[in-house]
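Structural overview
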Amino acid sequence: MKMTGNTILVTGGTSGIGRVLAEAFHQRGNRVIVTGRRQGLLDRITANRPGLIGLPLDLADPGSLSRLANEIRRHFPDLNMLIANAGISRAEDLTADGWDVGDAEAIVETNILGVLRVTAALLPILKAQADATIIATSSNLAFVPRADFPTYCASKAFLHSWLQSLRHQLRKVPVEVLELAPPYVQTELTGSQQASDPRAMPVDAYVFEVMQLLDQGDHPQGEVLLERDRARRWAERDGRYEAVFAAMNPD
Ligand SMILES: NC(=O)c1ccc[n+]([C@@H]2O[C@H](COP(=O)([O-])OP(=O)(O)OC[C@H]3O[C@@H](n4cnc5c(N)ncnc54)[C@H](OP(=O)(O)O)[C@@H]3O)[C@@H](O)[C@H]2O)c1
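Residues numbered from 1 in each chain as written. Predicted model: local features only at pLDDT ≥ 70, side-chain atom pairs only at ≥ 80, totals over all residues. Heavy atoms only, no water.

1. What about the nonpolar core?
Core analysis: the largest hydrophobic core is formed by 31 residues, its most contacted members being Leu21, Phe25, Tyr206 and Leu214. When residues of this core are traced back to their parent elements, those giving at least two are β1 (7–11), α1 (16–27), β2 (31–36), α2 (39–46), β4 (81–84), β6 (175–180) and α6 (203–216). If one sorts the elements of this core by residue count, α6 sits on top with 7 residues. Tyrosine 206 has contacts with Ile17, Leu180, Ala181, Pro182, Pro183, Val185, Met201 and Leu226, leaving out every residue within four places of it along the chain. Counting residues in each nonpolar core, the second largest holds 30 residues, with Leu9, Leu55, Ala84 and Leu126 among its members. (Core = buried A, V, L, I, M, F, W, Y, C linked by side-chain atoms within 4.5 Å. Buried < 20%, exposed > 50% of the residue type's maximum accessible area, 1.4 Å probe, protein only. Helix = DSSP H or I, 4+ residues; strand = E, 2+ residues; numbered from the N terminus. Contact = heavy atoms within 4.5 Å.)

As structure tokens, this is what we get:
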């Protein structure tokens with residue numbers, strides 16, 4: 001993938017990893033379309049920054065996605081990169097009295113169907129370009145789950161598998177497929193406390209490392225993984241799965 005001169009659409013660009021990635025690509029000389037539901041944030045992020053464009057998108061609303069796709073076809077027909085990053089996370093106690101699947105449904109809707117829907121809507125435009133890239137954000141919890149976030153981890157495992165198939169199907173088309181599998185990062189994904197949790201990696205530091213890996217083309221099997229996450233990624237192959245699972249999920 002080239003690192004400059006692209007037209008990029010970022011879902012989940014109003015905060016956290018998506019916002020910092022969008023700004024990093026913008027600083028590198030790319031036109032970046034930032035999307036999300038919070039119009040106030042879109043306005044604030046894009047104010048006085050030519051080449052950084054805000055467009056509303058609610059991935060749970062098919063009408064919103066088709067309006068966005070029309071807008072892209074009309075005004076940004078050279079779109080050649082999709083960063084499908086939007087996601088939500090909720091803890092779920094499956095043993096609680098009255099547990100229902102509402103949170104699980106919301107996670108599936110955003111983290112799984114949201115990625116599939118935005119890919120389906122924009123792939124025809126991406127396929128028409130000489131050089132295109134799809135980056136989707138999974139998680140290193142795709143490889144070994146944290147049991148208190150069951151549907152979240154499963155949604156990321158789904159993406160990890162689905163992206164391998166997408167990559168294979170697109171192997172003869174100039175659309176590269178990359179998977180971003182972040183560690184625990186300081187954002188508000190699970191609430192405001194996560195943004196200052198000292199156990200989490202600062203978001204600027206995470207995106208800095210990601211940009212370095214992308215610059216160097218250092219993403220074996222299409223996976224953009226920090227060095228420190230490789231042990232978890234390969235736990236099963238290395239015969240360490242049970243030990244890693246137990247360390248992440250103490251009794
Ligand atoms: N932070 C971590 O520790 C971590 C670790 C591994 C993976 N990840 C993944 O990284 C991605 C970004 O998360 P983050 O940590 O940066 O959290 P975040 O700051 O909460 O960002 C989530 C983004 O998703 C957007 N979003 C949520 N629901 C949406 C919907 N229905 N339609 C459109 N946009 C929607 C939000 O925008 P609006 O609210 O404006 O719509 C927001 O921009 C997620 O896929 C997450 O699973 C994060």
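2. A short note on the pattern of salt bridges
Taken as a whole, this structure holds 12 salt bridges when the rule is applied. In this structure, arginine 49 engages glutamate 23 in a salt bridge whose closest nitrogen and oxygen atoms are separated by 3.2 Å. With arginine 49 in the loop between α2 and β3 (52–56) and glutamate 23 in helix α1, this pair connects stretches of sequence that are 26 residues apart. Between arginine 199 and aspartate 197 there is a salt bridge whose closest N-O contact spans 2.7 Å. Classification of arginine 199 as exposed rests on a relative accessible area of 67%. (Salt bridge = Lys/Arg side-chain N within 4 Å of Asp/Glu carboxyl O.)

3. Concerning the packing of helix α4 (residues 102–127) against helix α5 (residues 150–169)
For any two helices packed against each other, the geometry comes down to the angle between their axes and how far apart the axes lie. Running from N to C, α4 and α5 point in directions that differ by 20°, and their axes come no closer than 9 Å. In terms of axis orientation, α4 runs roughly parallel to α5. As for the relative orientation of α4 and α5, their crossing is right-handed in sense. Contacts from Ala104, Ile107, Val108, Asn111, Ile112, Val115, Leu116 and Thr119 of α4 reach α5 at Thr151, Tyr152, Ser155, Lys156, Phe158, Leu159, Trp162 and Leu166. By residue class, the composition of the contact of α4 with α5 is 11 nonpolar, 4 polar and 1 charged. (Axes fitted to C-alpha atoms, helices over the stretch in contact; angles between N-to-C directions. Parallel < 35°, antiparallel > 145°, perpendicular 65-115°, else oblique. Left-handed = near helix turned anticlockwise from the far one by under 90°. Nonpolar A, V, L, I, M, F, W, Y, C, P; charged D, E, K, R; others polar.)

4. Digging into the UniProt feature "domain: Ketoreductase" (unreviewed entry) in the protein
According to UniProt, the positions carrying the feature "domain: Ketoreductase" (unreviewed entry) are residues 6–184. Overall, residues 6–184 shows 45% helix and 18% strand. The separation of its end C-alpha atoms is 28 Å. (UniProt positions renumbered as here; feature names shortened; annotations may be inferred.)

5. Comments concerning unusual backbone geometry
The backbone of asparagine 48 sits at a positive phi, close to 55°, despite the residue not being glycine. Take asparagine 48: it is sitting in the loop between α2 and β3. Positive phi values are uncommon outside glycine, yet glutamine 221 reaches one of about 55°.

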